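Chain by chain, the residues:
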Amino acid sequence: MSLAAPVRYTPAVEEIQPDERETIQGLNDTFDTILETTAKEDGHAVRSVHAKAHAILEGRMVIADGLPPELAQGLFARPGEHRVLMRISTNAGDILPDTISLPRGLALKVLDVEGERLPGAQGTTQDFIMVNGPMFQAKTADKFLGNLKMLAATTNRMEGVKEAMSGVARGLNTVLSAVGIESTKLQSLGGAPNVDPMGETYYSVTPFRYGDYIAKFSIVPVAPALLALKDKEIDATDNPDAIRDTVRSEMQGIDGVWEFRVQLCRDLERQPVEDPTVQWDEDEAPFRTVATITIPRQDSWEPARVQAVNEEMHFMIWTGLAAHQPLGNINRARREAYLHSTRFRERFNRCPVHEPGTRSAS
């Protein structure tokens, strides 16, 4: 099957909705509920989403040599090597015991990236934020706001009830998966399998500018030791931090290798920019490898690195190159929501959040 030519980026691929400003304010107000509730309860402000980290890792990204022109774009325009920081998390806005199983997240910060920056993007880094599923749970930011309000209402409350709900949701999701259906809403409410995050494939879910083109991204484990962890479930019955402890033990003996892959949009109707609930068919728009990430064996919860990355940095899709501008309604809403969360953490913790190599707050 021959592939269609990749679609070229123009501003016209985005459709700005008239109510986006009101939706963004609603998101900020709802995130405030999560942030204030967790900060008051714990005496420490955490992220409004993906609050609980399980691993903070450091390694290198090597950009492939000889990429074809449509893949040699933005960060990946030239071969080279960059230091990277990786944060593994789950998606709730409060610090929950690991018996409440949730989707996994992977945030990647690529350092020393040259080029024109997105408006307001400080430093010289490029951030990518991904989850272990190819589709987003809501088509538009206003639909996501409805889901977020439901989650905000349970923030930091009745952990025992949450654990019981998670078990029920997991069982129902297993039944649905057996007949070829996966419920992203169930997974977001605690129905995700309690899998080892190191064996998972991660997806950007939403689209981005890719230089002259449009793309989604994925990070795929390729080292045999990581592949052996695919679908491995972690028993957290007697340990609220079982995921962190499991990964810490694993990464002391694993040299992790992942491929960074790019999925170019080839048909705006079949691979839409404004609807992240649509999975782009990989037969029509295959993922192609543009770089390799290597994380040598290390202490994945080393205190100094945890402090520097988990407490003093943020990961945000709007931190990076203009060549990788986030696209679509969901991504436009994420810009202010992530900044709003960061500023709250700075104020409450009295700890400036900054990009590597800078000390200015962002």
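Residues numbered from 1 in each chain as written. Predicted model: local features only at pLDDT ≥ 70, side-chain atom pairs only at ≥ 80, totals over all residues. Heavy atoms only, no water.

Secondary-structure assignment places Ala228 in the loop between α5 (224–227) and α6 (242–251). Considered as a pair, Ala228 and Met198 are 30 residues apart in the sequence and their alpha carbons are 9.5 Å apart. (Helix = DSSP H or I, 4+ residues; strand = E, 2+ residues; numbered from the N terminus.)

Among the nonpolar cores identified, the biggest contains 63 residues, and Met61, Phe76, Leu108, Phe260 and Ile293 are the most heavily contacted of them. At six residues, strand β1 (residues 53–63) tops the list of elements feeding residues into this core. (Core = buried A, V, L, I, M, F, W, Y, C linked by side-chain atoms within 4.5 Å. Buried < 20%, exposed > 50% of the residue type's maximum accessible area, 1.4 Å probe, protein only.)

This paragraph deals with unusual backbone geometry. A positive phi is found at Asp112, a non-glycine position, where the angle reads about 60°. Checked against the element boundaries, Asp112 lands in the loop between β3 (104–110) and β4 (126–131). Positive phi, normally seen in glycine, also occurs at Asp231, with a value near 65°. Mapped onto the fold, Asp231 is located in the loop between α5 and α6.

Let us look at the packing of helix α1 (residues 20–42) against helix α8 (residues 329–349). Interhelical geometry of α1 versus α8 gives an angle of 35° and a closest axis separation of 9 Å. In the packing of α1 onto α8, the handedness of the crossing is right-handed. Facing α1, whose interface residues are Glu20, Arg21, Ile24, Leu27, Asn28, Phe31, Asp32, Leu35, Glu36 and Ala39, α8 presents Asn329, Arg332, Ala333, Glu336, Ala337, His340, Ser341, Phe344 and Phe348. Here the contact of α1 with α8 is built from residues that sort into nine nonpolar, four polar and six charged. (Axes fitted to C-alpha atoms, helices over the stretch in contact; angles between N-to-C directions. Left-handed = near helix turned anticlockwise from the far one by under 90°. Contact = heavy atoms within 4.5 Å. Nonpolar A, V, L, I, M, F, W, Y, C, P; charged D, E, K, R; others polar.)

The next thing to look at is the confidence of the model for the chain. In the predicted model, the chain carries a mean pLDDT of 85, and 86% of its residues have values of at least 70. pLDDT under 50 marks residues 157–183. Its contacts with residues more than four places away, or in other chains, come to 41 contacts. Scored below 50 in pLDDT, residues 185–190 makes 25 contacts in the model with residues more than four places away or belonging to other chains. (pLDDT = per-residue confidence, 0-100.)

Okay, the packing of aromatic side chains next. Taken as a whole and assessed by the stated rule, the structure comprises eight aromatic pairs. Every member of this aromatic cluster is reached through a ring pair, and the members are Phe76, Phe128, Phe208, Tyr210, Phe217 and Phe260. Above the ring of Trp301, the side-chain terminus of Arg244 is found at 4.0 Å from the ring centroid. Directly above the aromatic system of Trp318 lies the positively charged group of Arg335, at a separation of 4.9 Å from the ring centroid. (Phe/Tyr/Trp six-rings, centres within 6.5 Å; stacked < 30°, edge-to-face > 60°. Lys NZ or Arg CZ within 6 Å of the ring centre and 35° of its normal.)

Take a probe with the size of a water molecule and roll it over the atoms, and the empty space left behind shows itself. A complete count under the given rule lists three cavities of 30 Å³ or more for this structure. Here the largest cavity is characterised by a volume of approximately 230 Å³. Elements with a contribution of two residues or more to the lining of the largest cavity: β2 (80–90), β3, β4 and α8. For the lining of the largest cavity, the element with the most residues is α8, which contributes five residues. In terms of residue class, the lining of the largest cavity is made up of nine nonpolar, seven polar and three charged. (1 Å grid on protein atoms, 1.4 Å probe; cavity = no way out; pocket = protein on both sides within 12 Å on 5 of 7 lines; lining within 4 Å. Points joined across faces, edges and corners; volume = space filled by probe spheres on them.)

As a further point, take the environment of His324. Within the secondary structure, His324 is located in the loop between α7 (303–311) and α8. With a relative accessible area of 1%, His324 lands in the buried category. Each C-alpha atom, one on His324 and one on Gly74, is 6.8 Å from the other, the two residues being 250 residues apart in sequence. Not counting chain neighbours up to four residues away, the residues in contact with His324 comprise Gln73, Gly74, Leu75, Phe76, Leu118, Gln126, Phe208, Arg209, Tyr210 and Phe217. One polar contact links the side chain of His324 to the main-chain amide nitrogen of Leu75, over a distance of 3.0 Å. In terms of polar contacts, His324 uses its side chain to reach the backbone carbonyl oxygen of Arg209, at 3.3 Å. (Polar contact = N/O pair within 3.5 Å; in protein donor to acceptor, adjacent residues only side chain to side chain.)

Two strands pair when backbone bridges link them, and strand β7 (residues 213–221) and strand β8 (residues 256–264) are joined in this way by seven bridges, in the antiparallel orientation. The residue of β8 that forms the bridge with Phe217 is Val262. The sheet contact formed by β8 and strand β9 (residues 287–295) spans eight bridges and is antiparallel. Bridging from a neighbouring strand, Gly256 pairs with Ile295 of β9. (Pairing = 2+ DSSP bridges.)

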